[in-house]
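# Per-entry structural report
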Amino acid sequence: MIKGYIGTYDTPNTKGIYQFNFDEQSGKVFDMKSFYPVNDAKCVVLAKDKLIITMNKDSKSGIALLNKDTAKLLDEALYENKTPCFIKYSDGYVYTANYHDGVVMVYKLQGDKLTLIKQITIQEKAGCHQVILYGDYILVPCLLLDEIRIFKRSEDFKLVKVWKFPQKTGPRHGVFNKEYNRFYLVSELSNEFFAYSVNDLNFELIIKINLLEKYPTEGASSAAIRLTKDENYIYISTRGADLLSVIKVKDDIQLSQQIKSGIHPRDFLLSYDEQYLLCVNRDSDNLIIYKLDRKTRMIQDEIADISVPHGVGIALENIEL
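Residues numbered from 1 in each chain as written. Predicted model: local features only at pLDDT ≥ 70, side-chain atom pairs only at ≥ 80, totals over all residues. Heavy atoms only, no water.

## Observations regarding the environment of Glu24
Spelled out, the test is: Numbering of helices and strands starts at the N terminus; helices are DSSP runs of H or I of at least 4 residues and strands are runs of E of at least 2. Two residues form a contact once any of their heavy atoms are found within 4.5 Å. Any pair of nitrogen or oxygen atoms within 3.5 Å is treated as a polar contact; in protein, a donor-acceptor pairing is required on top of that, and neighbouring residues in sequence qualify only through side-chain atoms on both sides.
As for its position among the elements, Glu24 is in the loop between strand S2 (17-22) and strand S3 (29-36). Separated by 116 residues in sequence, Glu24 and Val140 have C-alpha atoms that sit 33 Å apart. Excluding residues within four positions of it along the chain, Glu24 makes contact with Ile2, Tyr272, Asp273, Gln275, Tyr276 and Asn318. Polar contacts involving the side chain of Glu24 include one to the side chain of Asn318, which spans 2.7 Å.

Right under this line is the structure:
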């Protein structure tokens, strides 16, 4: 049994961060409860024995550091007008992306202290939605600009490349394989999946797949993307159309499965052994657990459906993202 955490949108019915117990053998969820009540705690990330969350407090926004067991507030960094929409922790550093403010914040995490070391300002309402680490670089998808901005960490986060996409593509989230010679991206506005071969800062398109070829496109917006450990399959959530898609990326890349999910599937995770997919659905107010086929990696039966209001982000103790 391990602990999981869910971040929620700020509504009258939500209570910040929720905590639950997850049985990795059965896929069942127990003891869903409010863990840390705070406004706009939509993102939650684990950093060893700590939680990093987004928050809004006294008209200030940013992130906070919590003890993951006791919910004790350890530190907070409230330098933004709106709460960030993404948090990444890696090797003692915390990166956040802010959709509305159009900034990326970089913090050093030492002990129980968050220290701001860099604010990268792109522009207001740039739609910054992720920070992707790539060697000495960070990639920042800016979906409202139809760009990915690339910055060099060792040169004070100098802008080194602007990767442009067709208008109304809306690049949102991406993931590299372990060797960093493949890059997979999902777009929010055009609802497309992109696969690229990578050589340094050169990204060559291999294939582009329309995720909504068989579904209505009005109001649809793709969100999260995950790559399996064997790097053979990609999973994607699409809100509006309320879909979970499975794409085979080994050898012949193809869309292998699409199933209807809960309403507005925002974020999801694969369990450590990848037997289960845990998806939080904002507008149906639930966490749904799906069984995955061990061989084909396709989504099978629904194992559990647990009530949680306006879920947005999800984290598990033994999963590093």
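Moving on from the model shown.
## Here's the deal with the pattern of salt bridges
Formally: The working definition used for a salt bridge is a side-chain nitrogen of Lys or Arg within 4 Å of a carboxyl oxygen of Asp or Glu. The buried label goes to any residue with under 20% of its type's maximum accessible area, the exposed label to any with over 50%, and the partly exposed label to all in between, with areas taken from a 1.4 Å probe on protein chains only.
Scanning all chains against the criterion turns up 17 salt bridges. Notably, a salt bridge pairs Lys57 with Glu76, separated by 3.3 Å at the nearest N-O pair. Separated by 19 residues along the polypeptide, Lys57 in strand S5 (residues 50-57) and Glu76 in strand S7 (residues 73-80) bring together distant segments of the chain. Using a relative accessible area of 28% as the deciding quantity, one classes Glu76 as partly exposed. When the shortest N-O distance is used, the salt bridge between Arg297 and Glu274 registers 3.4 Å. Of this pair, Arg297 sits in the loop between strand S26 (286-292) and strand S27 (299-307) while Glu274 sits in the loop between strand S24 (265-270) and strand S25 (276-281), and the two are 23 residues apart along the sequence. In this structure, Arg297 and Glu274 share a single accessibility class: buried.

## Regarding the sheet that holds S25
Operational definition: Paired strands are those between which DSSP finds at least two bridges. Orientation is described by lines fitted to C-alpha atoms, with helices fitted over the stretch in contact, and by angles between N-to-C directions that extend from 0 to 180 degrees.
Spatially, S24-S25-S26-S27 is the arrangement adopted by the four strands of the open sheet, whose pairing is antiparallel. The sheet terminates laterally at S24 and S27, the two strands that pair on one side only. On average, adjacent strands in this sheet sit at an angle of 20° to one another, irrespective of strand direction. For S26 and S27, the ladder comprises six bridges, and the chain directions are antiparallel. The residue bridging Asn286 from the neighbouring strand is Ser307, located in S27.

## Structural notes on the pairing of strand S9 (residues 93-98)
The buried count for S9 comes to five of six residues, which makes it a mostly enclosed element. In terms of strand pairing, strand S8 (residues 86-90) meets S9 through five bridges, oriented antiparallel. The partner of Phe86 across the bridge, within S9, is Ala97. The hairpin formed by S8 and S9 contains two residues between the paired strands, and Asp91 there has a positive phi angle of roughly 50°. Relative to strand S10 (residues 103-110), S9 runs antiparallel, the two sharing six bridges. Bridging from a neighbouring strand, Thr96 pairs with Met105 of S10. If you look at the hairpin formed by S9 and S10, you'll find four residues sitting between the two strands, and Gly102 has a positive phi there, around 70°.

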